Amino acid sequence: MATTQEKTTPDPSQDPTRNSTSLDSFASNTTPTTTKGIPVMMRAQTHHPLDPLSAAEISVAVATVRAAGATPEVRDSMRFVEVVLVEPVKQVVALADAYFFPPFQPSLLPRTKGGGPMVPTKLPTRKARLVVYNKRSNETSLWIVELREVHAATRGGPHRGKVISSQVVPNVQPPMDAMEYAECEAVVKDFPAFREAMKRRGIEDMDLVMVDAWCVGYHSEADAPNRRLAKPLIFCRSESDCPMENGYARPVEGISILVDIQNMVVLEFEDRKLIPLPPTDPLRNYTSGETRGGVDRSDVKPLQIIQPEGPSFRVNGHFIQWQKWNFRIGFTPREGLVIYSVAYIDGSRGRRPVAHRLSFVEMVVPYGDPNDPHYRKNAFDAGEDGLGKNAHSLKKGCDCLGYIKYFDAHFTNFTGGVETIENCVCLHEEDHGILWKHQDWRTGLAEVRRSRRLTVSFICTVANYEYGFFWHFYQDGKIEAEVKLTGILSLGAMQPGETRKYGTTIAPGLYAPVHQHFFVARMDMAVDCKPGEAFNQVVEVDVKVEDPGKNNVHNNAFYAEEKLLKSELEAMRDCNPLSARHWIVRNTRMVNRTGQLTGYRLVPGSNCLPLAGSEAKFLRRAAFLKHNLWVTPYVHNEMHPGGEFPNQNPRVGDGLATWVKQNRSLEEADIVLWYVFGVTHIPRLEDWPVMPVERIGFMLMPHGFFNCSPAVDVPPSAGDLDDKEIGMPAKPIQNELIAKL
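Keep in mind that what you see is a predicted model, and the values were worked out from it rather than measured. (Residues numbered from 1 in each chain as written. Predicted model: local features only at pLDDT ≥ 70, side-chain atom pairs only at ≥ 80, totals over all residues. Heavy atoms only, no water.)

Colleague: Would you mind going over the sheet that holds strand 23 (residues 492-493) in detail, with residue names and values included?
Modeller: Read across the sheet, 3 strands follow the order 23-25-24 without closing on themselves; strand pairing throughout is antiparallel. In this open sheet, the two strands that pair with only one neighbour each are strand 23 and strand 24 (503-507). As judged from the 4 bridges shared by strand 24 and strand 25 (residues 510-513), these two strands associate in the antiparallel manner. Across the sheet, residue Ala-507 finds its bridge partner in strand 25, namely Leu-510. (Pairing = 2+ DSSP bridges. Helix = DSSP H or I, 4+ residues; strand = E, 2+ residues; numbered from the N terminus.)

Colleague: Give a description of the sheet that holds strand 28 (residues 558-564) that names residues and reports values.
Modeller: Picture the strands of a sheet paired through backbone hydrogen bonds; they go either parallel or antiparallel. The sheet built from 10 strands is open, its strands ordered 18-19-20-21-22-33-30-29-27-28 with antiparallel pairing. Where the open sheet ends on each side, the last strands, each with one partner, are strand 18 (405-412) and strand 28. Across the sheet, the axes of successive neighbouring strands diverge by a mean angle of 25 degrees, strand direction being ignored. Examined bridge by bridge, strand 30 (residues 597-604) and strand 33 (residues 691-702) share 5 bridges and lie antiparallel to one another. Paired with Leu-602 across the two strands is Leu-700, which belongs to strand 33. Contacts from helix 2 (residues 55-67) reach strand 18 and strand 19 (418-439) within the one sheet, and its direction differs from that of strand 18 by about 10 degrees. (Axes fitted to C-alpha atoms, helices over the stretch in contact; angles between N-to-C directions. Contact = heavy atoms within 4.5 Å.)

Colleague: Explain the side chain of Arg-352 to me, and be specific about the residues and the numbers.
Modeller: Structurally, the position occupied by Arg-352 is in strand 16 (residues 351-366). By relative accessible area, Arg-352 is classed as buried at 2%. At 2.8 Å, the side chain of Arg-352 forms a polar contact with the side chain of Asp-346. Not counting residues within four places of it along the chain, the set of residues in contact with Arg-352 comprises Val-342, Ala-343, Tyr-344, Asp-346, Asp-528, Thr-598, Phe-705 and Phe-706. (Buried < 20%, exposed > 50% of the residue type's maximum accessible area, 1.4 Å probe, protein only. Polar contact = N/O pair within 3.5 Å; in protein donor to acceptor, adjacent residues only side chain to side chain.)

Colleague: Account for the packing of aromatic side chains, with residues named and values stated.
Modeller: Counted according to the given criterion, the structure contains 26 aromatic pairs. Measuring from centroid to centroid gives 5.7 Å for Phe-191 and Phe-269, while their planes differ by 55 degrees, and the two rings are tilted. Of this pair, Phe-191 sits in the loop between helix 5 (178-190) and helix 6 (192-200) while Phe-269 sits in strand 11 (residues 265-271), and the two are 78 residues apart along the sequence. The class for Phe-191 is partly exposed, based on a relative accessible area of 26%. For the pair Trp-325 and Phe-473, a centre-to-centre distance of 5.4 Å together with 65 degrees between the ring planes defines the contact as edge-to-face. Taken together, the positions of Trp-325 in strand 14 (residues 325-332) and Phe-473 in strand 21 (residues 465-474) put the pair 148 residues apart, joining distant regions of the chain. Residue classification places Phe-473 among the buried residues on the basis of a relative accessible area of 0%. Positioned above the aromatic ring of Phe-706, the side-chain terminus of Arg-352 is 5.9 Å from the ring centre. (Phe/Tyr/Trp six-rings, centres within 6.5 Å; stacked < 30°, edge-to-face > 60°. Lys NZ or Arg CZ within 6 Å of the ring centre and 35° of its normal.)

Colleague: Just give me the short version of the state of the cysteines, but keep the residues and values in it.
Modeller: Counted by the stated rule, this structure contains 1 disulfide. Across the disulfide, Cys-400 is cross-linked to Cys-426 (sulfur-sulfur distance 2.3 Å). One end of the pair, Cys-400, is in the loop between helix 7 (381-385) and strand 18; the other, Cys-426, is in strand 19, and 26 residues separate them in sequence. Under the relative-accessibility criterion, Cys-400 is labelled buried at 10%. For Cys-426, a relative accessible area of 0% translates into the label buried. (Disulfide = S-S within 2.5 Å.)

Colleague: Report on the pairing of strand 25, specifying residues and quantitative values.
Modeller: Of the two faces of strand 25, both are covered, the one formed by Leu-510 and Ala-512 as well as the one formed by Tyr-511 and Pro-513. Bridge analysis of strand 23 against strand 25 gives 2 bridges, and the strand direction is antiparallel. Each residue of the ladder has a partner; that of Gly-492, found in strand 25, is Tyr-511. The turn linking strand 24 back onto strand 25 is made up of 2 residues, and Gly-509 within it adopts a positive phi angle of 75 degrees.

Colleague: Just give me the short version of helix 4 (residues 90-100), but keep the residues and values in it.
Modeller: Burial runs high along helix 4: 10 of the 11 residues are buried. For helix 4, the set of buried residues is Lys-90, Val-92, Val-93, Ala-94, Leu-95, Ala-96, Asp-97, Ala-98, Tyr-99 and Phe-100.

Colleague: Account for the packing of helix 5 against helix 6, naming residues and giving values.
Modeller: Look at helix 5 against helix 6: their axes get within 5 Å of each other, and the N-to-C directions meet at 70 degrees. The pairing of helix 5 with helix 6 is recorded here as roughly perpendicular in orientation. Judged by residue contacts, Val-188, Lys-189 and Asp-190 of helix 5 engage Pro-192, Phe-194 and Arg-195 from helix 6. When the residues that make up the contact of helix 5 with helix 6 are grouped by side-chain class, the tally is 3 nonpolar, no polar and 3 charged. (Parallel < 35°, antiparallel > 145°, perpendicular 65-115°, else oblique. Nonpolar A, V, L, I, M, F, W, Y, C, P; charged D, E, K, R; others polar.)

Colleague: Requested: an account of the nonpolar core, with residues and values cited.
Modeller: Val-342, Phe-469, Trp-471, Phe-473, Leu-673 and Phe-698 are the most contacted members of the largest nonpolar core, which has 84 residues in total. The biggest single contributor to this core is strand 16, with 6 residues. Other than its neighbours up to four places away in sequence, Phe-698 contacts Trp-471, Ile-479, Glu-480, Ala-481, Ala-521, Met-523, Leu-602, Val-603, Pro-604, Gly-605, Tyr-675 and Phe-677. In terms of nonpolar packing, the next biggest core, distinct from the first, is built from 24 residues, Met-176, Cys-184, Cys-215 and Val-259 among them. (Core = buried A, V, L, I, M, F, W, Y, C linked by side-chain atoms within 4.5 Å.)

Colleague: Mind laying out the environment of Val-188, listing which residues take part and the relevant values?
Modeller: As for its placement among the helices and strands, Val-188 is situated in helix 5. Val-188 sits in the buried class, given a relative accessible area of 0%. Taking the C-alpha atoms as reference points, Val-188 and Val-266, 78 residues apart in sequence, are found 7.1 Å from one another. Residues contacting Val-188, with those up to four places away along its chain left out, are Phe-194, Val-211, Pro-232, Ile-234, Ile-257 and Val-259.

Colleague: Provide a residue-level description of the pattern of salt bridges, including the pertinent values.
Modeller: Considering all chains together, one arrives at 42 salt bridges under this definition. Among the salt bridges present, the one from Arg-200 reaches Asp-271, with a minimum N-O distance of 2.6 Å. Of this pair, Arg-200 sits in helix 6 while Asp-271 is found in strand 11, placing the two residues 71 residues apart along the sequence. Given a relative accessible area of 49%, Arg-200 falls into the partly exposed group. In this structure, Arg-201 engages Asp-271 in a salt bridge whose closest nitrogen and oxygen atoms are separated by 2.9 Å. Taken as a pair, Arg-201 in the loop between helix 6 and strand 7 (209-215) and Asp-271 in strand 11 lie far apart in primary sequence, 70 residues in all. For Arg-201, a relative accessible area of 9% gives the class buried. (Salt bridge = Lys/Arg side-chain N within 4 Å of Asp/Glu carboxyl O.)

Colleague: Explain a nonpolar patch on the surface to me, using residue names and the numbers behind them.
Modeller: Taken together, the side chains of Met-244, Tyr-286 and Val-690 present a nonpolar region at the surface, about 260 Å² in accessible area. Here Met-244 shows up in the loop between strand 8 (229-236) and strand 9 (251-252). Exposure remark for Met-244: the relative accessible area of 47% places this residue in the partly exposed category. (Patch = residues over 30% accessible without salt bridge, like charges linked within 9 Å, V, L, I, M, F, W, Y side chains within 5 Å. Areas by Shrake-Rupley, 256 points an atom, 1.4 Å probe, with all protein chains shown as cover.)

Colleague: Describe the pairing of strand 8, with residues and values.
Modeller: Judged by how many residues are buried, strand 8 sits mostly within the fold: 8 of 8 residues are covered. A two-sided burial pattern is seen for strand 8, the buried positions comprising Leu-229, Lys-231, Leu-233 and Phe-235 on one face and Ala-230, Pro-232, Ile-234 and Cys-236 on the other. In the sheet, strand 7 pairs with strand 8 via 7 bridges, with the strands oriented antiparallel. Note that in strand 8 the partner of Cys-215 across the bridge is Ala-230. Here strand 8 pairs with strand 10 (residues 255-260) via 2 bridges, running antiparallel. Looking at the pairing, Ala-230 lines up with Val-259 of strand 10. By the bridge criterion, 2 bridges tie strand 8 to strand 9 in an arrangement that is antiparallel. Its bridge partner lying in strand 9, Ile-234 is registered against Val-252.

In structure tokens:
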């Protein structure tokens, strides 16, 4: 299996990824063949339009672009940052689902004037989009390649691709690559002045030194993207023969380094202040038992998750069916997991779409310590590094339990080779307690159902932190988005006896700065909408207390008040737990049995806003953090809230904050929700040496979408059935209850 990938350009008018191929355009050029009125495909379709690029397709795309280089020097200087799938227009996806890939769903297609669907004989050719960095010229370019024929091509081997377009994007820096991080570490360790500075701190063995090459962000013109820069953070292990030692326990402070990543040279070096390395903390390690100098618990008994008849889900390629849910799985190097074409099978009403595309498109981690180097720590972990590219292989450990289906991910590395992360995405079922229950107090008879959920997830490491991203699907129609935060705190060193106002003392000479984690979920909604339809709107709901008076003589009345968000500027909204604020995406033309419009509710979880002044430097690049909710009409290339290239980005408000200034109408549109949610992390001693998982997220909940509870038909669990089969009597009515009756 493989993973999907996607990127877009910063300027819509210059977007070479814009796929203008519509259902009509290629339908008119093909003549459907029919047998007894049933369309017959002339050519087998091997890839669904949303299937991830295969390893062979990535190889073909890279080889095609490299062959198009004007000179040998240009070709040798090409570094391949990303190769992603160009996702087609929604009508093409509908065509694929209707006629080319089972389960066939002809009802998805719009009808022609004659009443019948237009059915081409084949799908349009797949395309790849490449972000290429030229190491010699320091230029970033975007390429679109048509993948005409793909075999098991290898680098330098035969390929059948065609360059559709290429474009140099000025004044940007693409995301950093793992190869650059490794080279940066080697350059810093070999720099004579750095070695002398470490020697003054008692370190001569460079194998103990860890160099994390953080992006510089953008704080002044010195950080402009005309140079490719990094400001590394330095750490130092204490034991050379302990590879699992927690090296983040000894930060090296007082040293400032600026590295030119393009040419791999140290541009600036300064040993500003000799701050001693923190003493070796005996509680620093997190490995098991004696390897960390401790003893593991001995009273933990085995807990087994078994499904003797297998799972309830079915997998066909990247298409998932679970009870009444169905959707597709994708993956990109930037976002990681992507969920496509989410729909619910609702009895006689058939397949009902909920969302076209769900993903986490950005995350920002700003630190609240004004001291050097911590004020520069405001990482864009998706846009500067890539959540997907930093994903784990989940085949080892206890990341998931039970019957698991794994999906692999294919990426290009910096030199254009293809790398695979095996078992990158985990699909499995989980027990989730009680779904619903009621006991009749008169008869003592009870009905109870257990809940289970289908979970799709991946986990990534970005420097010191781990992030798990989860989409949970429930039997009652809910969808939950959840992020799990764990890993190791990013620490600072202190002088003996010193304390820090902007952090928590963790150990002698060691403190953890305060910081925040923000995540942006992009949800291309399609509530009861076929692909291409634009019949959704968003209403904001606040709970209001009724004014005292004749309508509230007992002073107990409250009610829900709705407000239609008519335009983009009106739809820049924040959470308000005091009024139980939430938002509903409604279909403007579909009603339930009571005549109300069908909808899905966005229910916020715990949340926050940036704890920074309006002139904070990181908000220049992250203006989208200023509100918890943004709403836009769907546009193909509006994908990244901070712009496509946030690395060293000098442009104020690039991305989402700029798009909404058009103030486009939302009264009836193809709605995209951008939900920004975060957590403020005041570190605790209990977060050391490794942070227990902290959970944060939100819920998409049906609101008038169904005519009654969709979970009423969930059958009793096996245990309940066994009790009934052996003739266990109902609980007798209690004597005191009889007396009352």
